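Residue-level structure breakdown
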Amino acid sequence: MHADLDSFYASVEQRDDPRLRGKPVIVGGGVVLAASYEAKAFGVRTAMSGGQARAVCPQAIVVPPRMDAYSQASKDVFDVFHDTTPLVEGISIDEAFLDVGGLQKIAGSATEIGQRLRQDVAEQVGLPITVGIATTKFLAKVASAFAKPDGLLLVPPGGELEFLHPLNIERLWGVGKVTAEKLHVLDIITVGDIAAYGERSLASVLGKGAGAHLYALAMGRDPRRVQPGKSRSSIGAQRALGRGRHDAAEVEASLIGLVDRVTHRMRAAQRTGRTVMLRLRFADFTRATRSHTLDRATADTRDILDAALELLHDAAPLIAEKGITLVGVTVSSIDRGGAEQLELQFDPPQVRTPPEASALDRALDGVHKKFGSTSLTRGVLLGRDPGISVPLLPD
(Lines give C-alpha, C1' and ligand atoms only; values in the text may rest on other atoms or scores of the structure.)
Protein backbone atom coordinates (compact mmCIF):
# COMPACT_ATOMS: atom_id res chain seq x y z
CA MET A 1 0.00 0.00 0.00
CA HIS A 2 1.04 3.59 -0.60
CA ALA A 3 -0.55 5.83 2.03
CA ASP A 4 -0.40 9.57 1.35
CA LEU A 5 -1.90 12.34 3.48
CA ASP A 6 -3.92 14.88 1.49
CA SER A 7 -2.58 18.48 1.36
CA PHE A 8 -0.88 17.70 4.64
CA TYR A 9 -0.01 21.14 6.08
CA ALA A 10 -3.31 22.66 4.96
CA SER A 11 -5.28 19.68 6.31
CA VAL A 12 -3.66 20.10 9.74
CA GLU A 13 -4.65 23.78 9.72
CA GLN A 14 -8.24 22.92 8.78
CA ARG A 15 -8.34 20.21 11.44
CA ASP A 16 -7.16 22.59 14.18
CA ASP A 17 -9.29 25.57 13.15
CA PRO A 18 -12.87 24.61 12.18
CA ARG A 19 -13.35 28.06 10.60
CA LEU A 20 -10.97 27.02 7.81
CA ARG A 21 -12.80 23.86 6.81
CA GLY A 22 -14.22 23.90 3.31
CA LYS A 23 -12.41 27.14 2.49
CA PRO A 24 -9.36 27.85 0.30
CA VAL A 25 -6.35 27.81 2.62
CA ILE A 26 -2.76 28.69 1.80
CA VAL A 27 0.06 27.86 4.21
CA GLY A 28 2.95 30.33 3.93
CA GLY A 29 2.93 33.95 2.85
CA GLY A 30 5.96 34.70 0.67
CA VAL A 31 5.97 31.25 -0.93
CA VAL A 32 3.13 28.71 -0.93
CA LEU A 33 4.22 25.75 1.22
CA ALA A 34 0.86 23.99 0.89
CA ALA A 35 -2.65 24.65 -0.37
CA SER A 36 -5.96 23.04 0.48
CA TYR A 37 -7.89 21.34 -2.31
CA GLU A 38 -10.32 24.27 -2.27
CA ALA A 39 -7.38 26.59 -3.09
CA LYS A 40 -5.92 24.17 -5.64
CA ALA A 41 -9.21 24.31 -7.53
CA PHE A 42 -8.41 27.97 -8.31
CA GLY A 43 -4.93 27.11 -9.59
CA VAL A 44 -2.85 27.62 -6.45
CA ARG A 45 0.19 25.34 -6.43
CA THR A 46 3.04 24.57 -4.04
CA ALA A 47 6.16 26.76 -4.52
CA MET A 48 4.09 29.48 -6.19
CA SER A 49 4.85 32.97 -4.90
CA GLY A 50 2.38 34.48 -2.46
CA GLY A 51 1.52 37.24 -4.92
CA GLN A 52 0.73 34.79 -7.71
CA ALA A 53 -1.39 32.67 -5.37
CA ARG A 54 -3.45 35.65 -4.18
CA ALA A 55 -3.90 36.77 -7.78
CA VAL A 56 -5.52 33.49 -8.84
CA CYS A 57 -7.38 33.03 -5.53
CA PRO A 58 -7.99 36.42 -3.86
CA GLN A 59 -10.44 34.90 -1.36
CA ALA A 60 -7.82 32.48 0.00
CA ILE A 61 -7.06 32.51 3.72
CA VAL A 62 -3.30 32.67 4.29
CA VAL A 63 -1.97 31.16 7.52
CA PRO A 64 1.62 30.99 8.82
CA PRO A 65 3.22 27.55 8.97
CA ARG A 66 3.31 25.67 12.29
CA MET A 67 6.08 23.11 11.85
CA ASP A 68 5.78 21.67 15.36
CA ALA A 69 2.12 20.84 14.70
CA TYR A 70 2.97 19.12 11.41
CA SER A 71 5.77 17.11 13.03
CA GLN A 72 3.43 15.88 15.77
CA ALA A 73 0.69 15.01 13.26
CA SER A 74 3.22 13.03 11.23
CA LYS A 75 4.34 11.06 14.29
CA ASP A 76 0.71 10.30 15.16
CA VAL A 77 0.00 9.05 11.63
CA PHE A 78 3.12 6.87 11.57
CA ASP A 79 1.96 5.33 14.87
CA VAL A 80 -1.18 4.25 13.02
CA PHE A 81 0.93 2.86 10.18
CA HIS A 82 2.99 0.77 12.61
CA ASP A 83 -0.18 -0.46 14.31
CA THR A 84 -1.31 -1.68 10.89
CA THR A 85 1.87 -3.57 9.91
CA PRO A 86 5.48 -3.74 11.14
CA LEU A 87 6.68 -3.35 7.54
CA VAL A 88 6.57 0.44 7.04
CA GLU A 89 8.94 2.42 4.83
CA GLY A 90 8.62 6.16 5.31
CA ILE A 91 9.10 8.24 2.16
CA SER A 92 8.45 11.66 3.69
CA ILE A 93 6.62 12.98 6.73
CA ASP A 94 3.26 12.56 4.99
CA GLU A 95 3.60 9.34 2.99
CA ALA A 96 4.81 5.76 3.36
CA PHE A 97 4.77 2.33 1.79
CA LEU A 98 3.23 -0.47 3.86
CA ASP A 99 3.57 -4.20 3.14
CA VAL A 100 0.35 -5.96 4.14
CA GLY A 101 0.83 -9.06 1.98
CA GLY A 102 1.10 -11.44 4.93
CA LEU A 103 -1.84 -10.13 6.95
CA GLN A 104 -4.76 -11.62 5.04
CA LYS A 105 -5.53 -14.41 7.52
CA ILE A 106 -5.48 -12.17 10.58
CA ALA A 107 -6.56 -8.78 9.23
CA GLY A 108 -8.64 -9.43 6.10
CA SER A 109 -8.11 -8.44 2.50
CA ALA A 110 -5.83 -5.62 1.41
CA THR A 111 -8.86 -3.47 0.66
CA GLU A 112 -10.28 -4.07 4.14
CA ILE A 113 -6.93 -3.21 5.70
CA GLY A 114 -6.73 -0.03 3.62
CA GLN A 115 -10.23 1.03 4.58
CA ARG A 116 -9.48 0.40 8.25
CA LEU A 117 -6.24 2.38 7.99
CA ARG A 118 -8.06 5.38 6.53
CA GLN A 119 -10.69 5.17 9.25
CA ASP A 120 -8.07 4.92 12.01
CA VAL A 121 -6.15 7.96 10.70
CA ALA A 122 -9.39 9.95 10.48
CA GLU A 123 -10.55 8.99 13.99
CA GLN A 124 -7.21 9.06 15.82
CA VAL A 125 -5.44 11.93 14.04
CA GLY A 126 -8.30 13.77 12.36
CA LEU A 127 -6.75 13.90 8.90
CA PRO A 128 -7.80 12.61 5.46
CA ILE A 129 -5.50 10.07 3.82
CA THR A 130 -5.49 8.36 0.44
CA VAL A 131 -4.41 4.75 -0.06
CA GLY A 132 -3.32 3.02 -3.25
CA ILE A 133 -2.99 -0.77 -3.24
CA ALA A 134 -1.15 -2.91 -5.80
CA THR A 135 1.38 -5.70 -6.17
CA THR A 136 4.32 -3.29 -6.60
CA LYS A 137 5.46 -0.03 -5.03
CA PHE A 138 5.27 1.87 -8.29
CA LEU A 139 1.70 0.86 -9.07
CA ALA A 140 0.59 1.51 -5.48
CA LYS A 141 1.90 5.08 -5.71
CA VAL A 142 0.21 5.64 -9.07
CA ALA A 143 -3.04 4.25 -7.64
CA SER A 144 -2.94 6.63 -4.66
CA ALA A 145 -2.45 9.58 -7.02
CA PHE A 146 -5.56 8.49 -8.92
CA ALA A 147 -7.60 8.06 -5.74
CA LYS A 148 -6.92 11.55 -4.32
CA PRO A 149 -8.33 13.22 -2.40
CA ASP A 150 -9.41 11.08 0.56
CA GLY A 151 -9.92 7.87 -1.42
CA LEU A 152 -8.79 4.29 -1.89
CA LEU A 153 -7.98 2.43 -5.10
CA LEU A 154 -6.99 -1.21 -5.58
CA VAL A 155 -5.18 -2.39 -8.71
CA PRO A 156 -6.16 -6.08 -8.62
CA PRO A 157 -3.50 -8.76 -9.14
CA GLY A 158 -3.55 -9.68 -12.81
CA GLY A 159 -5.05 -6.31 -13.78
CA GLU A 160 -1.82 -4.30 -13.62
CA LEU A 161 -1.33 -3.77 -17.36
CA GLU A 162 -5.01 -3.04 -17.95
CA PHE A 163 -4.74 -0.23 -15.40
CA LEU A 164 -1.29 1.00 -16.43
CA HIS A 165 -1.18 0.98 -20.23
CA PRO A 166 -3.84 3.67 -20.92
CA LEU A 167 -2.00 6.18 -18.69
CA ASN A 168 0.14 9.00 -20.07
CA ILE A 169 3.89 8.36 -20.07
CA GLU A 170 4.40 11.18 -17.56
CA ARG A 171 3.07 8.81 -14.90
CA LEU A 172 6.25 6.73 -15.10
CA TRP A 173 9.08 7.49 -12.67
CA GLY A 174 11.92 8.93 -14.69
CA VAL A 175 9.83 10.60 -17.38
CA GLY A 176 10.35 14.32 -17.00
CA LYS A 177 9.80 17.12 -19.48
CA VAL A 178 12.86 16.37 -21.63
CA THR A 179 12.27 12.61 -21.81
CA ALA A 180 8.58 13.14 -22.54
CA GLU A 181 9.42 15.43 -25.45
CA LYS A 182 11.78 12.83 -26.94
CA LEU A 183 9.10 10.16 -26.71
CA HIS A 184 6.29 12.37 -28.03
CA VAL A 185 8.32 12.94 -31.20
CA LEU A 186 8.07 9.17 -31.73
CA ASP A 187 4.27 9.26 -31.12
CA ILE A 188 4.76 7.52 -27.79
CA ILE A 189 1.99 9.00 -25.67
CA THR A 190 0.79 6.26 -23.32
CA VAL A 191 2.51 3.69 -21.15
CA GLY A 192 1.14 1.06 -23.51
CA ASP A 193 3.00 2.76 -26.36
CA ILE A 194 6.26 2.34 -24.42
CA ALA A 195 5.53 -1.36 -23.89
CA ALA A 196 4.82 -1.81 -27.60
CA TYR A 197 7.92 0.12 -28.66
CA GLY A 198 10.17 -2.41 -26.95
CA GLU A 199 13.19 -2.25 -24.67
CA ARG A 200 15.86 -2.24 -27.40
CA SER A 201 14.21 0.54 -29.33
CA LEU A 202 13.83 2.60 -26.16
CA ALA A 203 17.51 2.04 -25.34
CA SER A 204 18.51 3.39 -28.76
CA VAL A 205 16.65 6.63 -27.96
CA LEU A 206 17.17 7.08 -24.21
CA GLY A 207 20.21 4.94 -23.42
CA LYS A 208 20.45 1.41 -22.10
CA GLY A 209 19.75 2.16 -18.44
CA ALA A 210 16.81 4.52 -18.95
CA GLY A 211 15.32 2.31 -21.64
CA ALA A 212 15.43 -0.79 -19.43
CA HIS A 213 13.99 1.15 -16.48
CA LEU A 214 11.01 2.59 -18.35
CA TYR A 215 10.25 -0.65 -20.17
CA ALA A 216 10.21 -2.58 -16.87
CA LEU A 217 7.79 -0.08 -15.33
CA ALA A 218 5.62 -0.15 -18.45
CA MET A 219 5.37 -3.91 -18.07
CA GLY A 220 4.41 -3.56 -14.41
CA ARG A 221 7.73 -4.86 -13.10
CA ASP A 222 9.11 -3.30 -9.92
CA PRO A 223 11.02 -5.78 -7.72
CA ARG A 224 11.71 -3.37 -4.85
CA ARG A 225 10.43 -4.50 -1.47
CA VAL A 226 9.24 -2.37 1.42
CA GLN A 227 12.31 -1.63 3.53
CA PRO A 228 11.43 -0.72 7.13
CA GLY A 229 13.98 1.43 8.92
CA LYS A 230 15.74 2.35 5.70
CA SER A 231 18.44 4.96 6.27
CA ARG A 232 18.67 8.11 4.21
CA SER A 233 21.07 8.07 1.29
CA SER A 234 21.40 11.86 1.54
CA ILE A 235 20.72 14.71 3.96
CA GLY A 236 19.82 18.15 2.70
CA ALA A 237 17.94 21.39 3.20
CA GLN A 238 16.72 24.14 0.93
CA ARG A 239 15.29 27.62 1.18
CA ALA A 240 12.90 29.48 -1.07
CA LEU A 241 14.14 33.03 -1.57
CA GLY A 242 11.08 34.36 -3.36
CA ARG A 243 11.02 36.37 -6.54
CA GLY A 244 12.88 39.64 -6.99
CA ARG A 245 16.56 40.54 -6.86
CA HIS A 246 18.84 38.81 -4.37
CA ASP A 247 22.43 40.00 -4.10
CA ALA A 248 25.34 37.59 -3.83
CA ALA A 249 25.79 38.24 -0.10
CA GLU A 250 22.17 37.31 0.63
CA VAL A 251 22.36 34.07 -1.35
CA GLU A 252 25.70 33.18 0.25
CA ALA A 253 24.33 33.80 3.75
CA SER A 254 21.34 31.58 3.01
CA LEU A 255 23.66 28.81 1.85
CA ILE A 256 25.82 29.15 4.97
CA GLY A 257 22.75 28.78 7.17
CA LEU A 258 21.66 25.69 5.23
CA VAL A 259 25.08 24.05 5.54
CA ASP A 260 25.07 24.69 9.29
CA ARG A 261 21.65 23.02 9.51
CA VAL A 262 22.62 20.02 7.36
CA THR A 263 25.93 19.28 9.08
CA HIS A 264 24.30 19.54 12.51
CA ARG A 265 21.75 16.95 11.44
CA MET A 266 24.49 14.72 10.06
CA ARG A 267 26.41 14.75 13.32
CA ALA A 268 23.25 14.20 15.36
CA ALA A 269 22.45 11.15 13.20
CA GLN A 270 26.10 9.98 13.25
CA ARG A 271 26.39 10.21 9.48
CA THR A 272 29.21 11.35 7.23
CA GLY A 273 29.11 12.04 3.51
CA ARG A 274 31.40 12.72 0.55
CA THR A 275 29.35 14.36 -2.21
CA VAL A 276 28.16 17.95 -1.79
CA MET A 277 25.39 19.02 -4.16
CA LEU A 278 24.17 22.57 -4.72
CA ARG A 279 20.57 22.96 -5.91
CA LEU A 280 19.32 26.13 -7.60
CA ARG A 281 15.95 27.24 -8.95
CA PHE A 282 15.79 30.28 -11.19
CA ALA A 283 13.22 32.97 -11.82
CA ASP A 284 12.07 31.20 -15.01
CA PHE A 285 11.36 28.05 -12.90
CA THR A 286 14.24 26.11 -14.46
CA ARG A 287 16.59 24.26 -12.13
CA ALA A 288 20.28 23.40 -11.98
CA THR A 289 22.47 21.24 -9.79
CA ARG A 290 26.21 21.29 -9.23
CA SER A 291 28.15 18.72 -7.22
CA HIS A 292 31.62 18.10 -5.82
CA THR A 293 32.96 14.89 -4.25
CA LEU A 294 35.34 15.32 -1.34
CA ASP A 295 38.44 13.21 -0.79
CA ARG A 296 36.92 11.69 2.34
CA ALA A 297 33.57 11.31 4.05
CA THR A 298 33.01 13.96 6.70
CA ALA A 299 30.43 15.83 8.74
CA ASP A 300 32.78 18.76 9.30
CA THR A 301 31.00 22.05 8.66
CA ARG A 302 34.09 23.82 7.31
CA ASP A 303 34.88 21.16 4.70
CA ILE A 304 31.31 20.93 3.44
CA LEU A 305 30.81 24.70 3.51
CA ASP A 306 33.99 25.32 1.50
CA ALA A 307 32.78 22.90 -1.19
CA ALA A 308 29.28 24.41 -1.26
CA LEU A 309 30.57 28.00 -1.52
CA GLU A 310 32.91 27.06 -4.34
CA LEU A 311 29.98 25.54 -6.26
CA LEU A 312 27.94 28.69 -5.61
CA HIS A 313 30.71 30.97 -6.85
CA ASP A 314 31.08 28.87 -10.01
CA ALA A 315 27.33 29.26 -10.64
CA ALA A 316 27.38 33.03 -10.03
CA PRO A 317 27.24 34.03 -13.75
CA LEU A 318 24.19 31.82 -14.29
CA ILE A 319 22.49 33.23 -11.18
CA ALA A 320 23.18 36.78 -12.33
CA GLU A 321 21.73 36.02 -15.76
CA LYS A 322 18.56 34.18 -14.72
CA GLY A 323 17.81 35.36 -11.17
CA ILE A 324 17.39 32.94 -8.28
CA THR A 325 14.33 31.89 -6.26
CA LEU A 326 15.63 28.85 -4.33
CA VAL A 327 18.94 27.56 -3.01
CA GLY A 328 19.57 24.17 -1.45
CA VAL A 329 22.41 21.92 -0.38
CA THR A 330 22.51 18.13 -0.08
CA VAL A 331 25.24 15.81 1.16
CA SER A 332 25.09 12.31 -0.30
CA SER A 333 27.24 9.18 -0.41
CA ILE A 334 26.24 8.89 3.24
CA ASP A 335 28.12 6.44 5.48
CA ARG A 336 26.34 4.82 8.40
CA GLY A 337 27.73 5.23 11.88
CA GLY A 338 29.72 8.34 10.96
CA ALA A 339 32.53 6.29 9.39
CA GLU A 340 35.45 8.48 8.42
CA GLN A 341 38.64 7.51 6.63
CA LEU A 342 41.62 8.39 8.81
CA GLU A 343 44.48 10.24 7.16
CA LEU A 344 48.21 10.42 7.69
CA GLN A 345 49.27 14.06 8.07
CA PHE A 346 52.01 14.53 5.48
CA ASP A 347 51.38 18.26 5.04
CA PRO A 348 53.77 20.75 6.61
CA PRO A 349 52.53 21.94 10.02
CA GLN A 350 51.70 25.43 8.78
CA VAL A 351 49.05 24.16 6.28
CA ARG A 352 47.49 21.36 8.26
CA THR A 353 43.78 21.44 8.86
CA PRO A 354 43.43 22.56 12.49
CA PRO A 355 41.80 20.06 14.82
CA GLU A 356 39.86 22.96 16.34
CA ALA A 357 37.42 22.81 13.38
CA SER A 358 35.79 19.59 14.55
CA ALA A 359 36.08 20.71 18.17
CA LEU A 360 34.18 23.88 17.25
CA ASP A 361 31.41 21.83 15.64
CA ARG A 362 31.07 19.73 18.79
CA ALA A 363 30.99 22.80 21.00
CA LEU A 364 28.31 24.46 18.85
CA ASP A 365 26.22 21.28 18.82
CA GLY A 366 26.34 21.21 22.62
CA VAL A 367 25.29 24.86 22.94
CA HIS A 368 22.44 24.44 20.46
CA LYS A 369 21.21 21.29 22.17
CA LYS A 370 21.12 22.99 25.56
CA PHE A 371 19.99 26.51 24.65
CA GLY A 372 18.31 26.19 21.25
CA SER A 373 19.40 26.61 17.65
CA THR A 374 19.18 30.43 17.74
CA SER A 375 21.25 30.87 20.91
CA LEU A 376 24.55 31.08 19.03
CA THR A 377 24.97 31.84 15.34
CA ARG A 378 27.42 33.15 12.77
CA GLY A 379 27.94 36.89 12.51
CA VAL A 380 27.00 36.84 8.81
CA LEU A 381 23.56 35.47 9.78
CA LEU A 382 22.76 38.11 12.41
CA GLY A 383 19.61 40.03 11.57
CA ARG A 384 18.72 37.69 8.73
CA ASP A 385 15.59 35.57 8.56
CA PRO A 386 16.80 31.98 9.08
CA GLY A 387 13.93 30.64 6.97
CA ILE A 388 11.56 27.83 7.74
CA SER A 389 12.91 24.51 8.99
CA VAL A 390 10.70 21.92 7.32
CA PRO A 391 9.90 18.81 9.40
CA LEU A 392 11.52 15.63 8.09
CA LEU A 393 11.61 11.93 8.75
CA PRO A 394 14.32 10.95 11.25
CA ASP A 395 17.77 10.78 9.64
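None of the values given here were measured: they were computed from a predicted structure.

1. Notes on the overall build of the protein chain
Along the backbone of the protein chain there are 16 helices and 12 strands. Taken against the 2.2 N^0.38 rule, which gives 21 Å for 395 residues, the C-alpha radius of gyration of the protein chain at 23 Å falls within 12% of a compact globule. A principal-axis box enclosing the C-alpha atoms of the protein chain has dimensions of 70 × 55 × 45 Å. Out of the 395 residues belonging to the protein chain, those deemed buried represent 43%. Taking the intrachain contacts of the protein chain between residues at least 6 apart in sequence as the baseline, contacts between residues at least 24 apart amount to 65%. Accessible surface for the protein chain amounts to roughly 20,900 Å². Of this, 53% is attributable to carbon and sulfur atoms.

2. Quick word on the pattern of salt bridges
Taken as a whole, this structure holds 16 salt bridges when the rule is applied. Here Glu-95 makes a salt bridge to Lys-141, at a shortest N to O gap of 2.9 Å. With Glu-95 in strand β6 (residues 95-98) and Lys-141 in helix α7 (residues 137-147), the pair connects residues that are 46 residues apart, well separated along the chain. Classification of Glu-95 by relative accessible area gives buried; the value is 13%. With a relative accessible area of 26%, Lys-141 lands in the partly exposed category. A salt bridge links Arg-267 to Asp-365, with the nearest nitrogen and oxygen atoms 2.6 Å apart. Of this pair, Arg-267 sits in helix α13 (residues 248-268) while Asp-365 sits in helix α16 (residues 356-371), placing them 98 residues apart in sequence. Owing to a relative accessible area of 15%, Asp-365 belongs among the buried residues under this scheme. Salt bridges here are not isolated pairs; linked through shared partners, they connect Glu-13, Arg-15, Asp-16 and Arg-66.

3. With respect to the packing of helix α11 (residues 199-206) against helix α12 (residues 208-218)
α12 packs onto α11 with a crossing angle of 135° between their chain directions and a minimal axis gap of 7 Å. Classified by the interaxial angle, the pair formed by α11 and α12 is oblique. Here the hand of the crossing between α11 and α12 comes out right-handed. Two secondary-structure elements touch here, α11 through Glu-199, Leu-202, Ala-203 and Leu-206 and α12 through Lys-208, Ala-210, Gly-211, Ala-212, Leu-214 and Tyr-215. Considering only residue class, the contact of α11 with α12 consists of seven nonpolar, one polar and two charged.

4. Details of the UniProt feature "site: Substrate discrimination" (unreviewed entry) in the protein chain
Within this numbering scheme, the UniProt entry marks Tyr-9 as carrying the feature "site: Substrate discrimination" (unreviewed entry). Along the polypeptide, Tyr-9 turns up in helix α1 (residues 8-16). According to the relative accessible area criterion, Tyr-9 is buried, its value standing at 10%.

5. Focus: the UniProt feature "active site" (unreviewed entry) in the protein chain
The feature "active site" (unreviewed entry), as annotated in UniProt, sits at Glu-95 in this numbering. Not counting residues within four places of it along the chain, the set of residues in contact with Glu-95 comprises His-2, Ala-3, Asp-4, Phe-78, Gly-90 and Lys-141.

6. Topic: the sheet that holds strand β11 (residues 287-298)
Two strands in a sheet stick together by hydrogen bonds in their backbones, pointing the same way (parallel) or opposite ways (antiparallel). The strand order across the open sheet formed by four strands is β9-β12-β10-β11, and the pairing between neighbours is antiparallel. Where the open sheet ends on each side, the last strands, each with one partner, are β9 (234-240) and β11. When strand polarity is set aside, the average angle formed by the axes of neighbouring strands in this sheet is 15°. Here strand β10 (residues 273-282) pairs with β11 via eight bridges, running antiparallel. Residue Leu-278 lies in a different strand from β11, and its bridge partner there is Arg-290. Sheet contacts for helix α14 (residues 301-314): β10, β11 and β12 (324-332); angle to β11, the most-contacted strand, approximately 150°.

Analysis parameters
Residues numbered from 1 in each chain as written. Predicted model: local features only at pLDDT ≥ 70, side-chain atom pairs only at ≥ 80, totals over all residues. Heavy atoms only, no water. Helix = DSSP H or I, 4+ residues; strand = E, 2+ residues; numbered from the N terminus. Rg over C-alpha atoms; globule rule 2.2 N^0.38 Å. Buried < 20%, exposed > 50% of the residue type's maximum accessible area, 1.4 Å probe, protein only. Contact = heavy atoms within 4.5 Å. Areas by Shrake-Rupley, 256 points an atom, 1.4 Å probe, with all protein chains shown as cover. Salt bridge = Lys/Arg side-chain N within 4 Å of Asp/Glu carboxyl O. Axes fitted to C-alpha atoms, helices over the stretch in contact; angles between N-to-C directions. Parallel < 35°, antiparallel > 145°, perpendicular 65-115°, else oblique. Left-handed = near helix turned anticlockwise from the far one by under 90°. Nonpolar A, V, L, I, M, F, W, Y, C, P; charged D, E, K, R; others polar. UniProt positions renumbered as here; feature names shortened; annotations may be inferred. Pairing = 2+ DSSP bridges.

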